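# Observations on the model geometry
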Amino acid sequence: MSALWSVGAGLLLLLLWVRHRGLEAVLVHHRWVFVCLFLLPLSILFDIYYQLRAWAVWRLHSAPRQHAQRVRHIQEQVREWKKEGSKRYMCTGRPGWLTVSLRVGKYKKTHKNIMINLMDVLEVDSERQVVRVEPLVSMGQLTAYLNPMGWTIPVVPELDDLTVGGLIMGTGIESSSHIYGLFQHTCVAYELVLADGSLVRCSPTENSDLFYAVPWSCGTLGFLVAAEIKMIPAKKYVKIHYKPVRGLQKICEKFTEESKKKENSFVEGLMYSLDEAVIMTGVLTDEAEQNKINRIGNYYKPWFFKHVEKYLKADRTGVEYIPSRHYYHRHTRSIFWELQDIIPFGNNPVFRYLFGWMVPPKISLLKLTQGEAIRKLYEQHHVVQDMLVPMKSLEKSIQTFHVDLNVYPIWLCPFTLPNNPGMVHPKGNETELYVDIGAYGEPKSKQFEARASMRQMEKFVRSVHGFQMLYADCYMTREEFWDMFDGSLYHKLREQMNCKDAFPEVYDKICKAARH
């Protein structure tokens, strides 16, 4: 009874404090209070619901039987839109706050919402080494499904909640991308419902123009209803080597050298300042030295980027064996390093041992509850950007990031970019090595101003024939956007498939200049 009185008294004091400070002030300056008390428990309930649902689908084997019926329902909705006169653009009915992108899509309120309830793994074809999935299958769900069968996919983008549909219609990358390319390059077929309600399958040999135009199109050519993705044999561990490197030139040389080695299953770099980094290389293996196994995904373990930083501070190399699934989702618990701005004490050992099992809060719930004040604060004083630039421009690019943003850590992830048709390809006719430079956090540059600084960054990225990931805030004009991306195939298909009355152009859907 006394415990209940204590809890009640604590809650009363908390409510009085919130009332005194004002709810908005608490949400902006003490967001961790709201996150710890409400969003972490809600996130656990979200996870439990989706895990139980996935288990039920697996036990009843209902997904393949119901997939065709669900697709027909989507087709019926599109045909109904046509009967109504095609007066508004269409978009998926999934609420904007459920997406991992920090951008809030206001178009959901004005467009015709097509409900798409497709979130199941449909088929694992071991002979073809292909898995067929619905678009709302998440990376966490897919690896949990495939790993016990001895399979994985070649490119597993970091965060658990990233979906197949988002990674195809946008893009996705992982530290294995120097071998396999972006997420889209591991897909062998897509199935879409088009603007006329028809169901079409496309692949490199069947409706190939559509196959190459779908990635980066952000749902403006049709509704993705299934995808086929390559599989590779899974192994138990990733043997990872940590190598601290100092001096920007040496960092770039070492990173480039390791990225060109196909014997490395994984290559990744974390920069902690302009001239300090840890370069990590990994290989898949079934054997491990027991005293060097690090189950980094366990809730009580240090956040991965903090663990890596220890090698830099101690100025020593190291070797560890990380269970494969732990490695694939190594940045999930700290949302890379974004969580340190939300829960400043989140990596404290006491917090990790007592509450680490509840971390991280769902990005979707963070978006849903952020409010206008926090949204504006993040927009003006926070960046979440991934710029894809040629590896030969790495040193110049990091210097530009440092001057315009000065955000650390910086994530470096290499990838091979083939000369395929579509919106994103190298300038020349050959496959080229690129690198994703990821900046997430509060800029320390004194002259940082969100719009002006990002436009300067975008101009630089265009000048080196790079690309900006479209999940993030984009400030380019229409002309600048289509200077960065190759729209020739995209516009040709929009004309051929009568998309102009059905879906907005990708620029109008994602760029700030078009949305405001």
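In this text, all values refer to a predicted model and were calculated from it rather than measured experimentally.

Moving on, we get to the pairing of strand β10 (residues 237-246). As a general feature of sheets, a regular strand has side chains that alternate between the two faces. Pairing geometry for β10 and strand β12 (residues 276-285), over 10 bridges, is antiparallel. By the bridge assignment for β12, valine 245 is matched with alanine 277. Pairing analysis gives six bridges linking β10 to strand β13 (residues 318-323), with the strands arranged antiparallel. When the sheet's bridge partners are listed, valine 238 is paired in β13 with isoleucine 322.

Attention shifts here to the sheet that holds β10. The strand order β13-β10-β12-β11-β15-β16-β14-β17 describes an open sheet built from eight strands, whose pairing is antiparallel. The open sheet is flanked by β13 and β17 (467-468), the only strands paired with a single partner. Against the sheet, helix α10 (residues 304-314) contacts β10, β11 (266-273), β12 and β13, and its axis sits at roughly 50° relative to β10. Sheet strands in contact with helix α16 (residues 394-404) are β11, β14 (383-390), β15 (410-417) and β16 (432-441), and its direction is about 15° off that of β16.

Attention shifts here to empty space enclosed by the protein. Within this structure, the stated rule accounts for one cavity of 30 Å³ or more. Counted as a void, the largest cavity has a volume near 30 Å³. Lining the largest cavity are Tyr299, Trp303, Arg333, Gly346, Phe351, Arg352, Gly356 and Val359. Taken together, the residues of the lining of the largest cavity sort by class into four nonpolar, two polar and two charged.

A few words on helix α4 (residues 63-83). Under the 1.5 Å per step criterion, the end-to-end length of α4 is 30 Å for 21 residues, consistent within 8% with the ideal 30 Å. Listed as buried for α4 are Ala63, His67, Arg70, Val71, Ile74, Gln75, Gln77, Val78 and Trp81. Each buried residue of α4 sits inside an arc of 155° when the element is viewed along its axis, so together they form one side. In this structure, α4 carries Arg65, Gln69 and Lys83 as exposed residues pointing more than 90 degrees from its buried face. Glycine 85 sits one or two positions beyond α4 and adopts a positive phi of about 105°.

In the numbering adopted here, UniProt assigns the feature "transmembrane region" (unreviewed entry) to residues 32-50. End C-alpha atoms of residues 32-50 are separated by 25 Å, and the span's content is 100% helix alongside 0% strand.

Another point: the pairing of β15. With respect to burial, β15 is a largely interior element, eight of its eight residues being buried. When β11 meets β15, the two strands line up antiparallel, connected through three bridges. Bridge pairing in β15 places leucine 270 opposite tryptophan 411.

Turning to the pattern of salt bridges, a few remarks are in order. Tallied over the entire structure, the rule returns 28 salt bridges. When the shortest N-O distance is used, the salt bridge between glutamate 309 and lysine 306 registers 3.7 Å. Of this pair, glutamate 309 and lysine 306 both sit in helix α10, three residues apart, roughly one helical turn. Here the salt bridges do not stand alone but share partners, grouping Asp125, Arg128, Arg201, Glu206 and Glu228 into one network.

Parameters and conventions
- Residues numbered from 1 in each chain as written.
- Predicted model: local features only at pLDDT ≥ 70, side-chain atom pairs only at ≥ 80, totals over all residues.
- Heavy atoms only, no water.
- Pairing = 2+ DSSP bridges.
- Helix = DSSP H or I, 4+ residues; strand = E, 2+ residues; numbered from the N terminus.
- Contact = heavy atoms within 4.5 Å.
- Axes fitted to C-alpha atoms, helices over the stretch in contact; angles between N-to-C directions.
- 1 Å grid on protein atoms, 1.4 Å probe; cavity = no way out; pocket = protein on both sides within 12 Å on 5 of 7 lines; lining within 4 Å.
- Points joined across faces, edges and corners; volume = space filled by probe spheres on them.
- Nonpolar A, V, L, I, M, F, W, Y, C, P; charged D, E, K, R; others polar.
- Expected span 1.5 Å × (residues − 1).
- Buried < 20%, exposed > 50% of the residue type's maximum accessible area, 1.4 Å probe, protein only.
- Arc of directions from axis to C-beta.
- UniProt positions renumbered as here; feature names shortened; annotations may be inferred.
- Salt bridge = Lys/Arg side-chain N within 4 Å of Asp/Glu carboxyl O.

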